[in-house]
There are 2 protein chains.
Amino acid sequence: MKNHFNRRKFLQYSGMAGTAALLPGNAISKSEPLFPENEIGLSKFELETPSLCLDLDIMESNLKKVHENLQGTGIGVRPHTKTHKCPAIAKMQMDAGAIGICTAKLSESQVMLENGISEVLMTGVNISSSKIRKAMQLRKRHSGFIQAVDNKQNARDLQDAAKEAGIIADVVVDLDVIRRSGVPTGLPALELAQLVDQLSNLRFKGILAYDGGAQHIKGYQKRLERTVQTFEPVSATYESMIQSGLNVEIFSGAGTGTYNMMGDVPGFTDVQVGSYLFMDTQYMVIGSKGNENLYDDFDPSLTVLATVINNNHPNRLITDSGAKSLSINKPSGMVIGEPGFSYNAGSDEYGTVTFEKANRAYKTGDLLEIIVPHCDPVVNLYDRIYGIRKGKVESILPIMARGHSR
Amino acid sequence: MKNHFNRRKFLQYSGMAGTAALLPGNAISKSEPLFPENEIGLSKFELETPSLCLDLDIMESNLKKVHENLQGTGIGVRPHTKTHKCPAIAKMQMDAGAIGICTAKLSESQVMLENGISEVLMTGVNISSSKIRKAMQLRKRHSGFIQAVDNKQNARDLQDAAKEAGIIADVVVDLDVIRRSGVPTGLPALELAQLVDQLSNLRFKGILAYDGGAQHIKGYQKRLERTVQTFEPVSATYESMIQSGLNVEIFSGAGTGTYNMMGDVPGFTDVQVGSYLFMDTQYMVIGSKGNENLYDDFDPSLTVLATVINNNHPNRLITDSGAKSLSINKPSGMVIGEPGFSYNAGSDEYGTVTFEKANRAYKTGDLLEIIVPHCDPVVNLYDRIYGIRKGKVESILPIMARGHSR
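Named according to an unreviewed UniProt entry, chain A is Low-specificity D-threonine aldolase originating from Cyclobacterium amurskyense. As recorded by UniProt, the Sequence similarities (unreviewed entry) comment attached to chain A reads in full: "Belongs to the DSD1 family."

Residue and element names in this part refer to chain B. By the criterion of burial, strand S1 (residues 51–55) is predominantly enclosed, with 4 of the 5 residues buried. Here S1 pairs with strand S11 (residues 302–310) via 4 bridges, running antiparallel. From the neighbouring strand, Leu-54 faces S11, where its bridge partner is Leu-302. Across 3 bridges, S1 lies against strand S17 (residues 384–389) in parallel orientation. Paired with Asp-55 across the two strands is Ile-388, which belongs to S17.

Residue and element names in this part refer to chain A. As far as domains go, chain A holds domain 1 (38–57 + 280–406) and domain 2 (73–276). Taken together, the contact pairs 28 residues of domain 1 with 29 residues of domain 2. Taken together, both faces of the contact between domain 1 and domain 2 bury some 2,400 Å²; the carbon and sulfur share is 60%. Contact with domain 2 buries area across many residues of domain 1, yet Tyr-283, Ile-286 and Arg-406 alone supply 25% of it, more than any other trio.

Before going further, it helps to spend a moment on the pattern of salt bridges. A full pass over the atoms with the stated rule returns 48 salt bridges over all chains. Across the pair Glu39(B) and Arg406(A) runs a salt bridge, and its minimum N-O distance is 3.5 Å. On the criterion of chain membership, the pair formed by Glu39(B) in the loop between helix H1 (7–20) and S1 and Arg406(A) in the segment after strand S18 (392–398) is interchain, its members lying in two chains. Across the pair Glu394(B) and Arg389(B) runs a salt bridge whose closest N-O atoms are separated by 2.9 Å. Each member of the salt-bridge network shares a partner with another, and the members are Asp57(A), Glu60(A), Arg389(A), Lys390(A) and Glu394(A).

Now for the packing of aromatic side chains. Residue and element names in this part refer to chain A. The full count for this structure, using the stated rule, is 20 aromatic pairs over all chains. Between the aromatic rings of Tyr-259 and Phe-298, the centroid separation amounts to 5.3 Å while the plane-to-plane angle is 50 degrees, which identifies the pairing as tilted. Note that Tyr-259 is positioned in the loop between strand S9 (250–253) and strand S10 (270–271) and Phe-298 in the loop between helix H9 (281–284) and strand S11 (302–310), a separation of 39 residues in sequence. Members of the aromatic cluster, joined through ring pairs, are Tyr-259, Tyr-276, Tyr-283, Tyr-295 and Phe-298.

Take chain B, turn it by 180 degrees, move it 0.0 Å along the axis, and it overlays chain A with an RMSD of 0.0 Å. Overall, the copies show the geometry of a two-fold rotation axis. A shared interface surface links the copies, since 99% of the contact residues of chain B are contact residues in chain A too.

By the definition in use, this model includes 0 disulfides over all chains. No disulfide involves Cys53(A); its sulfur sits 13 Å from that of Cys86(A), the nearest cysteine. Its relative accessible area of 1% is what places Cys53(A) among the buried residues. Cys86(B) provides the cysteine sulfur closest to Cys375(B), a residue in no disulfide bond, and the two sulfurs are 12 Å apart. With relative accessibility at 0%, the residue Cys375(B) sits in the buried group.

Residues and elements named next belong to chain B. Its place among the elements puts Gly-322 in the loop between strand S12 (316–319) and helix H10 (323–326). It is 5.0 Å that separates the C-alpha atoms of Gly-322 and Asp-348, two residues lying 26 residues apart in sequence. Those residues in contact with Gly-322 that lie beyond four places of it in its chain are Ser-327, Ala-345, Ser-347, Asp-348, Glu-349, Tyr-350 and Gly-351.

Under the UniProt annotation, the feature "domain: D-serine dehydratase-like" (unreviewed entry) is placed at residues 301–389 of chain A. The straight-line gap between the two end C-alpha atoms of residues 301–389 of chain A is 11 Å; of that span, 10% is helix and 37% is strand.

With that settled, consider helix H5 (residues 129–141) of chain B. Residue and element names in this part refer to chain B. The end-to-end C-alpha separation of H5 is 19 Å, in line with the 18 Å expected for 13 residues at 1.5 Å each. Among the residues of H5, Lys-131, Ile-132, Lys-134, Ala-135, Met-136, Leu-138 and Arg-139 are the ones counted as buried. At its buried positions, H5 is contacted by helix H4 (106–113), strand S5 (145–149), helix H6 (152–165), strand S6 (169–176) and strand S8 (202–209).

What follows concerns the interface of chain B and chain A. Across the boundary between the two partners, chain B contributes 77 residues, which contact 78 residues of chain A. Taking both sides of the interface into account, the surface hidden between chain B and chain A amounts to around 7,000 Å²; carbon and sulfur atoms contribute 49%. Along the contact surface separating chain B from chain A lie 10 salt bridges. The salt bridge partner of Arg402(A) is Asp383(B), with a shortest N-O separation of 2.8 Å. Summed over the shared surface of chain B and chain A, the number is 38 residue pairs in polar contact (both at pLDDT 80 or more).

Where the residue is not glycine, phi is negative for most of them; where a peptide bond is considered, it is trans in most cases. In this model, Thr49(A) is joined to Pro50(A) through a cis peptide bond whose omega is -5 degrees. In this fold, Pro50(A) is placed in the loop between helix H1 (7–20) and strand S1 (51–55). Despite not being glycine, Lys85(A) has its phi angle at roughly 60 degrees, a positive value. Tracing the sequence through the fold places Lys85(A) in the loop between strand S2 (76–77) and helix H3 (87–95). Backbone geometry at Ala254(B) places phi at a positive 65 degrees, although glycine is not the residue there. Relative to the helices and strands, Ala254(B) resides in the loop between strand S9 (250–253) and strand S10 (270–271). For Ala254(B), a relative accessible area of 2% puts it in the buried group.

All names here are of chain A. Under the 1.5 Å per step criterion, the end-to-end length of helix H6 (residues 152–165) is 20 Å for 14 residues, consistent within 8% with the ideal 20 Å. Every buried residue of H6 is accounted for by Asn-154, Ala-155, Leu-158, Gln-159, Ala-161, Ala-162 and Ala-165. Summarising the contacts, the buried residues of H6 are in contact with strand S4 (120–125), helix H5 (129–141), strand S5 (145–149), strand S6 (169–176), helix H7 (187–198) and strand S8 (202–209). Here H6 starts with a cap whose side-chain oxygen sits 3.1 Å from the backbone nitrogen of Gln-153, and that cap is Asn-151. Note on H6: the residue one or two positions beyond its end, Gly-166, has a positive phi of about 75 degrees.

The rules we used
Residues numbered from 1 in each chain as written. Chains lettered and ligands numbered in written order. Predicted model: local features only at pLDDT ≥ 70, side-chain atom pairs only at ≥ 80, totals over all residues. Heavy atoms only, no water. UniProt positions renumbered as here; feature names shortened; annotations may be inferred. Buried < 20%, exposed > 50% of the residue type's maximum accessible area, 1.4 Å probe, protein only. Helix = DSSP H or I, 4+ residues; strand = E, 2+ residues; numbered from the N terminus. Pairing = 2+ DSSP bridges. Domains from an automatic or database assignment. Contact = heavy atoms within 4.5 Å. Buried area = accessible area lost by both parts, 1.4 Å probe. Salt bridge = Lys/Arg side-chain N within 4 Å of Asp/Glu carboxyl O. Phe/Tyr/Trp six-rings, centres within 6.5 Å; stacked < 30°, edge-to-face > 60°. Least-squares fit on C-alpha atoms with pLDDT ≥ 70 in both. Disulfide = S-S within 2.5 Å. Expected span 1.5 Å × (residues − 1). Polar contact = N/O pair within 3.5 Å; in protein donor to acceptor, adjacent residues only side chain to side chain.

Pasting the structure below:
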């Protein structure tokens, strides 16, 4: 597994990213911009707020750690890029040793495939005939695009569209583990896999079993127990497929909370980690194998910078960053350097910080740096991530698949 | 007050909007689009999902109703465009009789001012020197741009920047009514207004008093009681300003939940309604003057279309529209035609519908149309709103200020 992530490579992507940043989501009018700016080289504290900032040293460390932590297990990494939606970051993940990436939606897959990522496994299903046709066009252009299926009618629809497009499409069967997506494990899954295998324009590639409900359970032991329980029927299904002669090349699942629990699952091939790159307060509280209170396998690299705009009331600060900048999940955002602060983004436009004790006095104009509650939906609010190195803007990463929920 | 909103005008905007839609947020790659589409004229049920749809007949009715309901009160409408972020819709509001619009942020103000809206009151304050300088440049180009201030230092900073820009800037003083933004009512507010009035490059225009906490209180009577209580110190502050000889030309506040309660407040000039255009389940449950159970002053015009992608489990449907498409506020989304459905967007990518009883059987590929919990943050997730008339796409409205939270 290659692992030649380096700074030169990174700068190369950043350059690409910087150019692409001019394309989407940024133009605010047809007239010339009133305030053209070059933000590269600025201190992050000179950025206007709210700003989405990524500490590149920490992110690169997380990027390496996931591979280091899995060394010797034989398990690969297929990062889920729904977390960051940036082709530039997906490229870094590939260079760090990923075997491919995951995407959630068709439009997201297209952004990745059309921007230099050749191995894309879309974990969500396409149901409408228009999406299925587009997916097959995408597959025609990009041979590394793998699609998911979770019911027989859908398999037949994929077959028809693949035939129409004149291709043989790679397909994985998504297993139902949390009553969300997927085909029931056991016979229904086996039969669906066999159907895919028999359909002339589909190629059965393997199975998905992602237990989204396990990722945020507090306590390593509890997550492990849940995972063992989840994988009992999944493994039995896998065995039945092997026994029936199916070629289960891919057996993918697990996320940032369970990535290091899959070594004993026979046939399991790769983990779909996403949040490991950025971290957030939802993950920080789940605890790790060695630390019940803090999940310390990875470090928080993503923050939102907010400005204090009102300090009129004691034990309370108001910022310019509310639900439209931080989403509104629990637990509350964490203010760096102020463990006693509780950051609430309940207002659309305003953040409210309440505290018993502050480490210093805050005046209007002061900046707060916030570790967000849940990174995925927060990233989806912004058009760009500021890549920060040693406190300065090194790159601007365009979130090219932002808002691509189709 | 002009009220000549009509269909011809609307089509004119839609045309503009359709063109502008090509600019921001939509380009997905540097290569030619794989799937160029003309969606105008499609049935809304042919749109790919998730889609943000606006019933134009209902929206136009809401647009008229707010003026009809305020007729004879002497109170004007200054809609808050943070709800829709579309210059095209702001134009409709102006043509329907609005005296101007509100914006929350500087970047949002810029989008509106640079796209044909001349009267813009920004209700949030600018604190950083870079934003203040930009705001003054914007004011230099657009004389109808009014800025807010809520502390003396900020007033002095605005003065310096206005002087530097060679302009006299219009300023309103924001009053603190819910411990969020604003200067305390009473003497601090009076003194701030007097300071603004004295500073040579600022022109005192009036006051803001928006009680965000009152809007969603259930029960008309309770909202009224809260509003009367809120406005006691606000009105006293207003009186002290009048007595001190200040020219309080603007006295603005109230939202969709309290817009019809301001008739008795002396000097009050205009309401900052936003959600009245779209409505959402948070507003629908507050009750109106004549209906304790349903807020029926306005009708829901905004929906998200979602596709059923899994129906494996009884009393449960999974859709393709989760937190990235519907935000995650309470109460849950309302599925049109299925009063017994509870729509939960707790997963980033998936919606989960649970029910005891459905009016029909649902198969994968079926569409659900959802009234969202809270319209503002949902609109901020999309790049475009589909304008629907009699079930067909009539226009595509670009959400040009989407993500403009700075």
